[in-house]
Amino acid sequence: DTEVTQTPKHLVMGMTNKKSLKCEQHMGHRAMYWYKQKAKKPPELMFVYSYEKLSINESVPSRFSPECPNSSLLNLHLHALQPEDSALYLCASSQETGLRGSPLHFGNGTRLTVT
Amino acid sequence: AQSVSQHNHHVILSEAASLELGCNYSYGGTVNLFWYVQYPGQHLQLLLKYFSGDPLVKGIKGFEAEFIKSKFSFNLRKPSVQWSDTAEYFCAVKNNAGNMLTFGGGTRLMVKP
């Protein structure tokens with residue numbers, strides 16, 4: 001089983017709702033990531049946090065707002081989403097960015113449906 | 001920017017057949033290469049990785065991959081597949097700064113019993 005825990009597992013929300021996805025890891029990793037995976041497609045990077053600071057934003061629309069309250073937690077706040085934002089949202093962590101060979105550990109994901 | 005190509009989108013094999021999945025990457029810097037597997041309904045799991053040393057790397061569940069720098073390739077192999085290997089396989093490359101992991105398009109493997 002994965003050591004990266006994501007909640008909720010499933011989420012259905014309307015376009016006017018505000019919701020949050022949560023991710024937690026207790027491996028002492030200092031880098032955390034959000035990826036988006038559409039059906040039958042590879043994961044696409046959204047955000048990277050390194051030592052609780054946002055280091056990469058892959059031109060993600062502002063209706064997605066990440067937050068890293070501490071080294072173990074990563075949130076993704078959602079507001080005014082569109083149906084095309086429906087996807088599997090994956091959280092991942094790694095020891096550090098820049099550490100050669102350091103793999104990413106992925107959570108099970110939150111399957112989001114926007115109606 | 002780095003990119004990864006996986007040429008086989010769907011592969012169907014019978015049990016005990018040998019497997020080779022192609023992966024080619026495009027990146028000018030020092031590469032860190034990975035193969036991940038995603039079983040139906042499960043999270044992405046690391047199969048193996050390469051960042052230096054012996055270009056032939058062995059991973060979990062009998063998988064191995066060979067890094068061939070001159071061909072920009074990192075193909076995944078397994079001598080004899082099992083039904084339980086049915087999954088989607090992703091090749092990925094990490095940039096030199098180590099903060100971006102880019103995935104290939106994935107290969108969906110089906111092993112018939």
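Please refer to the structure higher up on the page.
Residues numbered from 1 in each chain as written. Chains lettered and ligands numbered in written order. Predicted model: local features only at pLDDT ≥ 70, side-chain atom pairs only at ≥ 80, totals over all residues. Heavy atoms only, no water.

Participant: Whenever I open this one, the sheet that holds strand β1 (residues 4-7) of chain A confuses me. Can you help?
Facilitator: Residue and element names in this part refer to chain A. Read from one edge to the other, the open sheet built from four strands follows the order β1-β3-β8-β7, with strand pairing classed as antiparallel. Whereas interior strands pair on both sides, the edge strands pair on one side only; in this sheet they are β1 and β7 (64-70). When strand polarity is set aside, the average angle formed by the axes of neighbouring strands in this sheet is 20°. Relative to strand β3 (residues 18-25), β1 runs antiparallel, the two being bridged by four bridges. Across the sheet, the residue bridging to glutamine 6 is cysteine 23, located in β3. (Pairing = 2+ DSSP bridges. Helix = DSSP H or I, 4+ residues; strand = E, 2+ residues; numbered from the N terminus. Axes fitted to C-alpha atoms, helices over the stretch in contact; angles between N-to-C directions.)

Participant: For this particular structure, what's the right way to read the interface of chain B and chain A?
Facilitator: Accessible area lost upon the coming together of the parts serves often as the stated size of an interface. On the side of chain A, 26 residues touch chain B, which itself brings 24 residues to the contact. Of the roughly 1900 Å² buried where chain B meets chain A, counting both sides, 56% is carbon and sulfur surface. Linking chain B with chain A are zero salt bridges, by the criterion used here. Applying the counting criterion to the chain B and chain A interface returns five residue pairs in polar contact (both at pLDDT 80 or more). For the side of chain B that touches chain A, the secondary structure elements donating two or more residues are β5 (32-38), β6 (44-50), β10 (87-94) and β11 (101-103) of chain B. Sorting elements by how many residues they give to the side of chain B that touches chain A places β5(B) first, with four residues. (Contact = heavy atoms within 4.5 Å. Buried area = accessible area lost by both parts, 1.4 Å probe. Salt bridge = Lys/Arg side-chain N within 4 Å of Asp/Glu carboxyl O. Polar contact = N/O pair within 3.5 Å; in protein donor to acceptor, adjacent residues only side chain to side chain.)

Participant: I'm lost on the environment of Asn95(B) in this one. Help?
Facilitator: All names here are of chain B. Assignment of secondary structure puts asparagine 95 in the loop between β10 and β11. Spatially, the C-alpha atoms of asparagine 95 and glutamine 45 are 20 Å apart, while their sequence positions differ by 50 residues. If we ignore the near neighbours within four places in the chain, the residues touching asparagine 95 are Gln2, Tyr27 and Met100.

Participant: For this particular structure, what's the right way to read the packing of aromatic side chains?
Facilitator: Any two aromatic rings considered together are summarised by their centre-to-centre distance and by the angle between their planes. This structure, assessed with the given rule, holds 13 aromatic pairs over all chains. When the centroid spacing of 6.5 Å and the interplanar angle of 45° are considered together, the rings of Tyr50(B) and Phe74(B) count as tilted. Remark: Phe74(B) occurs in strand β9 (residues 73-78) and Tyr50(B) occurs in strand β6; sequence separation between them is 24 residues. The exposure class of Tyr50(B) is buried, given its relative accessible area of 9%. The class for Phe74(B) is buried, based on a relative accessible area of 0%. Grouped by ring-pair contacts, the aromatic residues Tyr35(A), Phe106(A), Phe34(B), Tyr36(B), Phe90(B) and Phe103(B) constitute a single cluster. (Phe/Tyr/Trp six-rings, centres within 6.5 Å; stacked < 30°, edge-to-face > 60°. Buried < 20%, exposed > 50% of the residue type's maximum accessible area, 1.4 Å probe, protein only.)

Participant: What's the story with the pairing of strand β9 (residues 87-94) of chain A in this structure? I'm lost.
Facilitator: Regular strands place their side chains on alternate faces of the sheet. Residue and element names in this part refer to chain A. Extensive coverage of β9 is indicated by the burial of eight of its eight residues. Here strand β4 (residues 31-37) runs beside β9; their pairing, made up of seven bridges, is antiparallel. Across the sheet, residue methionine 32 finds its bridge partner in β9, namely serine 93. Sheet topology note: the β9/strand β11 (residues 110-114) ladder contains three bridges and is antiparallel. Among the inter-strand pairings, tyrosine 89 is bridged to a residue of β11, identified as threonine 110. As defined by bridge partners, β9 adjoins strand β10 (residues 105-106) across two bridges and the pair is classed as antiparallel. Considered in β10, the bridge of serine 93 is made with histidine 105.

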